[in-house]
Amino acid sequence: MKTGNVTGNVYKRSVHRKIETNGIGVKGAEYGEGCAFLTSENVDKAPEKAKQLWITAQSLSVWSGAEGAKLCVYEAVNRAAAAAVGKGEAKVRMVSMQLMLPADCQEQELQKMTVAAQEAAQKLQVTLADVKVHVSGAVIAPVATAEALVEVWTAPAGAALSARAGQQIVMTKWAGLAGTVRLEKTYREALLKRYPAQLLDDVAQLEQHFSILPEAAVAGKSGVGLACAVSEGGVFHALWTLAEQAGTGLEVSLKKIPIRQETVEICNELDVNPYELSGNGSLLFVTDQGEMLAEQLQQQKIPAAVIGFLSADNDRVIVNGEERRFLEPANTDAIYRME
């Protein structure tokens with residue numbers, strides 16, 4: 001199999017269809033969500049009241065070391081927050097982390113990873129509850145995984161929102177956000193031969209946009225029925241996942257997908273597809289009032305744009321001028337194809 005997340009068909013066939021959730025009030029992860037949903041046991045007894053829902057979301061770092069630990073916390077929290085959008089009043093309560101270290105890893109590296117994870121949790125105002133550490137000869141570089149837990153008080157029965165054909169797709173921030181930061185860190189010396197240091201310094205500052213909690217809070221009050229956090233595989237991966245979750249097709253204009261000029265420059269130089277590059281920090285919504293939501297987000301100084309809509313058929317189409325092409329099933333992240 002290829003490096004990175006397994007493709008959608010492999011996941012459905014070999015993982016999702018093999019999992020059984022027989023516990024009371026437990027709903028396993030849908031394709032692409034990476035989350036499990038746990039409801040309180042009195043759901044059926046009090047349908048007219050708000051119900052407590054717990055959502056867990058996991059992430060596996062695409063980076064190694066301290067950078068990987070930090071991004072892993074952001075991604076787990078972002079996934080949990082996105083899964084809670086449209087389901088009620090939500091609060092991410094905690095995140096736990098597991099570190100798998102090679103035998104030759106120094107204790108100083110463990111300390112750096114823990115500190116990086118704690119700093120990310122503090123910025124997100126989430127408790128880092130535990131860090132489990134295991135040393136194994138099965139790995140050659142430090143690997144981080146994280147799990148976030150979000151508490152949701154759901155709306156009364158019948159008030160839940162859902163996605164449907166005709167709704168608009170809103171995207172926050174920019175394509176390839178986290179991946180651009182990684183490329184700058186990894187290839188900075190080579191990029192300095194082509195671009196001024198100020199441009200690369202500006203890219204490093206993009207880390208401040210890795211959290212999607214602000215836009216999730218706005219969307220949760222604005223009639224959004226479905227949200228999907230962009231992460232590994234980029235915005236194309238997230239769009240495919242969004243359509244899978246909605247059970248619809250979609251049509252998106254490539255020119256409307258927001259992207260920073262720094263990302264364009266770096267990806268052109270390194271021959272990377274920015275739309276298949278890790279986009280952690282960006283969020284997709286579907287809503288009846290796309291322009292209104294985008295404006296509300298912009299008023300909160302969160303970049304946002306309407307990029308397309310859900311369609312009644314099952315086609316997932318990317319439009320670029322006169323060209324129309326079908327979106328392919330989730331691919332591995334573009335950064336893996338460089339290695």
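Residues numbered from 1 in each chain as written. Predicted model: local features only at pLDDT ≥ 70, side-chain atom pairs only at ≥ 80, totals over all residues. Heavy atoms only, no water.

The subject of this paragraph is the pattern of salt bridges. As a working rule, side chains carrying opposite charge can pair if their charged atoms are close by. Counted under the stated rule, the structure contains 14 salt bridges. In this structure, Arg188 engages Glu184 in a salt bridge whose closest nitrogen and oxygen atoms are separated by 2.4 Å. A residue is classified by how much of its surface remains accessible, and Arg188, at 23% relative accessible area, is partly exposed. The exposure class assigned to Glu184 is buried, which follows from its relative accessible area of 3%. The shortest N-O distance in the salt bridge between Glu251 and Arg324 comes to 3.2 Å. Linking Glu251 in strand 9 (residues 249–253) with Arg324 in strand 13 (residues 323–326), this pair joins segments that are 73 residues apart in sequence. (Salt bridge = Lys/Arg side-chain N within 4 Å of Asp/Glu carboxyl O. Buried < 20%, exposed > 50% of the residue type's maximum accessible area, 1.4 Å probe, protein only. Helix = DSSP H or I, 4+ residues; strand = E, 2+ residues; numbered from the N terminus.)

The next thing to look at is the pairing of strand 11 (residues 304–311). In the case of a regular strand, side chains alternate between the two sheet surfaces. Taking burial as the measure, the eight residues of strand 11 include six buried ones, the bulk of the element. Here five bridges tie strand 7 (residues 168–172) to strand 11, and the two strands are oriented antiparallel to one another. Counted as the bridge partner of Gln168 is Phe309 from strand 11. Of the strand pairs in this sheet, strand 9 and strand 11 are connected by four bridges, and their pairing is antiparallel. The partner of Val252 across the bridge, within strand 11, is Gly308. (Pairing = 2+ DSSP bridges.)

Tallied over the entire structure, the rule returns two aromatic pairs. Both rings, one in Tyr74 and one in Phe210, keep their centres 5.7 Å apart while their planes meet at 85 degrees; by these two values the pair is edge-to-face. In this pair, Tyr74 sits in helix 2 (residues 65–84) while Phe210 sits in the loop between helix 6 (197–204) and helix 7 (213–220), placing the two residues 136 residues apart along the sequence. We classify Phe210 as buried; its relative accessible area is 1%. Here the aromatic rings of Phe236 and Tyr275 are separated by 5.5 Å at their centres, their planes lie at 20 degrees, and the arrangement is stacked. Taken together, the residues span a long stretch of sequence, with Phe236 in helix 8 (residues 234–246) and Tyr275 in the loop between helix 9 (261–270) and strand 10 (283–287) at a distance of 39 residues. Of the two residues, Phe236 and Tyr275, neither departs from the other in class, the shared state being buried. (Phe/Tyr/Trp six-rings, centres within 6.5 Å; stacked < 30°, edge-to-face > 60°.)

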